[in-house]
Amino acid sequence: MSNNTTSNTTIPWSPDYEELPSSLFVNQIIIVKVVSLLSAMGSGWIIYSMVINVKDAADRQKKLHRTFDRLLLFLSVADFVTSIAFFVGSWSVPASPPMFYQEKVGFVYEERWEVVFPQAVGNTETCTAQGFFLLVGDLASALITGCIAISFLLRVKYQVRESNMRVVEKWSFGISTVFPLLSGILILVDRGFNPSTRGLCFIRSFPMICGKGPLPSMFPLENYETAKNLGEYCADE
């Protein structure tokens, strides 16, 4: 009796989502692009002034003489990579949902996909690359920022000499490079970089309707059989 009732139940497309998501996601994309572009310009200027805008090799060496200067350059590169990944994010998402949705689950939602990802023109490869660089840049930026804070503590409070800071610098570069790259590679092997509700690609289970949050409710299950197929598919993921 309960199965018959469930099979006749249709979860409607919420009228609140018919208009709201389109403007909501478009505005989110615009804000991300503006902020990320400004961030990339700032980071790019620091890189330019420290590496390119120099008289000669001696001048460049002078600008990068201190440990702090080199850590700042690393931070600027990491921020630049992150900002560019954010900026191109909405274009990196696959233009349409994968066809295996229809094969595995029994339905396709291309129209609703366009609501969540209105600027999507990419494919699986662009999505994976964008998510990878976003993660690596973001982790590297966070780690090197912590290393800069530690370097200030050692120099100001404990009066560690500049020559002794080279050891700290090597550890800082090592941790801020190896950990983000290793994390990115592991997630890449696991195919963990997928479209997310942020309007770009990042660490996300796929398909997104297997998870919790606002997106599953925007892609309602039309009947009991579809819900059953989806439940079995998500259980295997």
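What counts as what
- Residues numbered from 1 in each chain as written.
- Predicted model: local features only at pLDDT ≥ 70, side-chain atom pairs only at ≥ 80, totals over all residues.
- Heavy atoms only, no water.
- Axes fitted to C-alpha atoms, helices over the stretch in contact; angles between N-to-C directions.
- Helix = DSSP H or I, 4+ residues; strand = E, 2+ residues; numbered from the N terminus.
- Parallel < 35°, antiparallel > 145°, perpendicular 65-115°, else oblique.
- Left-handed = near helix turned anticlockwise from the far one by under 90°.
- Nonpolar A, V, L, I, M, F, W, Y, C, P; charged D, E, K, R; others polar.
- Phe/Tyr/Trp six-rings, centres within 6.5 Å; stacked < 30°, edge-to-face > 60°.
- Buried < 20%, exposed > 50% of the residue type's maximum accessible area, 1.4 Å probe, protein only.
- Lys NZ or Arg CZ within 6 Å of the ring centre and 35° of its normal.

**Student:** Residue-level account of the packing of helix α8 (residues 124–156) against helix α9 (residues 165–189), with values.
**Tutor:** At a closest axis distance of 9 Å, the pairing of α8 and α9 adopts a crossing angle of 160°. Taken together, α8 and α9 sit at an angle that is classed as roughly antiparallel. As for how α8 packs across α9, the hand of that crossing is right-handed. Along the lines of polarity and charge, the residues of the contact of α8 with α9 split into 19 nonpolar, six polar and one charged.

**Student:** An account of the packing of aromatic side chains is requested, with residue identities and associated values reported.
**Tutor:** One pass over the full model with this rule turns up six aromatic pairs. On the numbers, 5.2 Å between centres and 50° between planes, the contact of phenylalanine 68 with phenylalanine 152 is tilted. Here phenylalanine 152 lies in helix α8 and phenylalanine 68 lies in helix α4 (residues 67–87), a separation of 84 residues in the sequence. By relative accessible area, which is 43% here, phenylalanine 152 ends up partly exposed. Centroid distance phenylalanine 87 to tryptophan 91: 5.5 Å. Interplanar angle 85°. Geometry classified as edge-to-face. Taking relative accessible area as the criterion, phenylalanine 87 reaches 23% and is therefore assigned partly exposed. The partly exposed category is assigned to tryptophan 91, whose relative accessible area is 37%. Through a chain of ring-to-ring contacts, the aromatic side chains of Phe132, Phe133 and Phe193 assemble into a single cluster. Positioned above the aromatic ring of phenylalanine 202, the side-chain terminus of arginine 198 is 5.2 Å from the ring centre.

**Student:** Can you tell me about the environment of isoleucine 84, naming the residues and giving the values?
**Tutor:** Looking at where isoleucine 84 falls in the secondary structure, it is placed in helix α4. Under the relative-accessibility criterion, isoleucine 84 is labelled partly exposed at 35%. C-alpha of isoleucine 84 to C-alpha of lysine 33: the two residues are 51 residues apart in sequence and 9.1 Å apart in space.

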